[in-house]
Amino acid sequence: MKTKFLKSIVIIFFWVCSFTASICLEKEYITEEDIWTSNINDKAINIKVTDIAINNTSIELDEVYNASAIITVDVKNNGLNDIELANLDVYPYQGSLATKYFVSTYKDEISGFIGNLKSGESKTLKMGVTLHNTKEPIRLEFSDIEDIRNNTIVKTIDIK
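Thresholds applied
- Residues numbered from 1 in each chain as written.
- Predicted model: local features only at pLDDT ≥ 70, side-chain atom pairs only at ≥ 80, totals over all residues.
- Heavy atoms only, no water.
- Helix = DSSP H or I, 4+ residues; strand = E, 2+ residues; numbered from the N terminus.
- Buried < 20%, exposed > 50% of the residue type's maximum accessible area, 1.4 Å probe, protein only.
- Contact = heavy atoms within 4.5 Å.
- Areas by Shrake-Rupley, 256 points an atom, 1.4 Å probe, with all protein chains shown as cover.
- Salt bridge = Lys/Arg side-chain N within 4 Å of Asp/Glu carboxyl O.
- Pairing = 2+ DSSP bridges.
- Polar contact = N/O pair within 3.5 Å; in protein donor to acceptor, adjacent residues only side chain to side chain.
- pLDDT = per-residue confidence, 0-100.
- Patch = residues over 30% accessible without salt bridge, like charges linked within 9 Å, V, L, I, M, F, W, Y side chains within 5 Å.

## Comments concerning the overall build of the protein
Then, in step 1: Check the secondary structure of the protein and you find two helices and twelve strands.
Then, in step 2: Ordering the α and β elements of the protein from the N terminus gives α-α-β-β-β-β-β-β-β-β-β-β-β-β.
Then, in step 3: By residue count, 29% of the 160 residues in the protein fall in the buried class.
Then, in step 4: Taking the contacts inside the protein whose residues are at least 6 apart along the sequence as the reference set, 69% of them involve residues at least 24 apart.
Then, in step 5: Of the accessible surface of the protein, which amounts to about 10900 Å², a share of 55% is contributed by carbon and sulfur atoms.

## Let's talk about the pattern of salt bridges
Then, in step 1: Counted by the stated rule, this structure contains three salt bridges.
Then, in step 2: The salt bridge partner of glutamate 141 is arginine 139, with a shortest N-O separation of 3.2 Å.

## Describing the sheet that holds strand β7 (residues 97-98)
Then, in step 1: Taken in spatial order, the four strands of this open sheet run β7-β6-β11-β12, and their pairing is antiparallel. On the outer flanks of this sheet lie β7 and β12 (152-157), each paired with one strand and no other.
Then, in step 2: As paired elements, strand β6 (residues 88-94) and β7 share two bridges and run antiparallel to each other. Paired with glutamine 94 across the bridge in β7 is leucine 97.

## Regarding the environment of tyrosine 91
Then, in step 1: Inspection of the secondary structure assignment puts tyrosine 91 in strand β6.
Then, in step 2: Note on tyrosine 91: relative accessible area 37%, which makes it partly exposed.
Then, in step 3: Distance from tyrosine 91 to glutamate 141, taken between C-alpha atoms, is 5.0 Å for residues 50 residues apart in sequence.
Then, in step 4: At 3.2 Å, the side chain of tyrosine 91 forms a polar contact with the side chain of aspartate 89.

## With respect to the pairing of strand β4 (residues 67-77)
Then, in step 1: Burial within β4 is extensive, with eight of its eleven residues counted as buried.
Then, in step 2: Where strand β1 (residues 45-55) and β4 come together, ten bridges link them in antiparallel fashion. Within β4, the position partnered with isoleucine 54 by the bridge is alanine 69.

## Comments concerning the sheet that holds β4
Then, in step 1: Strand order in this open sheet of four strands is β1-β4-β10-β8, and the pairing throughout is antiparallel. The open sheet has two edge strands, β1 and β8 (101-102), and neither has a second partner.
Then, in step 2: Strand direction decides the pairing type here: β8 and strand β10 (residues 122-131), joined by two bridges, are antiparallel. Counted as the bridge partner of phenylalanine 102 is glycine 128 from β10.

## Some thoughts on the confidence of the model for the protein
Then, in step 1: Summarising the model, the protein shows a mean pLDDT of 76, and 74% of its residues fall at 70 or more.
Then, in step 2: In the model, residues 21-40 has pLDDT below 50 throughout and makes 29 contacts with residues more than four positions away in sequence or in other chains.

## Regarding a nonpolar patch on the surface
Then, in step 1: Where nonpolar side chains cluster on the molecular surface, the patch consists of Phe5, Leu6 and Ile9 and spans about 320 Å² of accessible area.
Then, in step 2: Position of isoleucine 9 among the secondary structure elements: in helix α1 (residues 2-20).

Set out below in structure tokens:
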């Protein structure tokens, strides 16, 4: 009888301790900057299109496109934290139609979003974009896959 009583007291003691021993941080102590360090916004990263080279031959990725372009961009990290370039997604559009972004290492002509950018650092990158036609401008939407605010940097390029 004593052993059953002692066992039940010990079980109740551990059960009560397991519910009361947790430590909880209030919401005011946790900020998004503590968790998400590579958010992009218009002040943290600067993307500047420096060159566009149009290739008027058709290209086939998942469908046949009329042309393609190699776009050269300068990316500069103005923020305090490092930015992982692989976390930047690029969504190209022509009008309301989505096109494809691609990277090719053929003859080292196109270098995609690879590597880190430390604070104050900049890199020149080249990327390929498929085109439905060579008359409409290209709209590039850059977003960070880790950004909980869903900030997007939009660049529009006129084809001439």
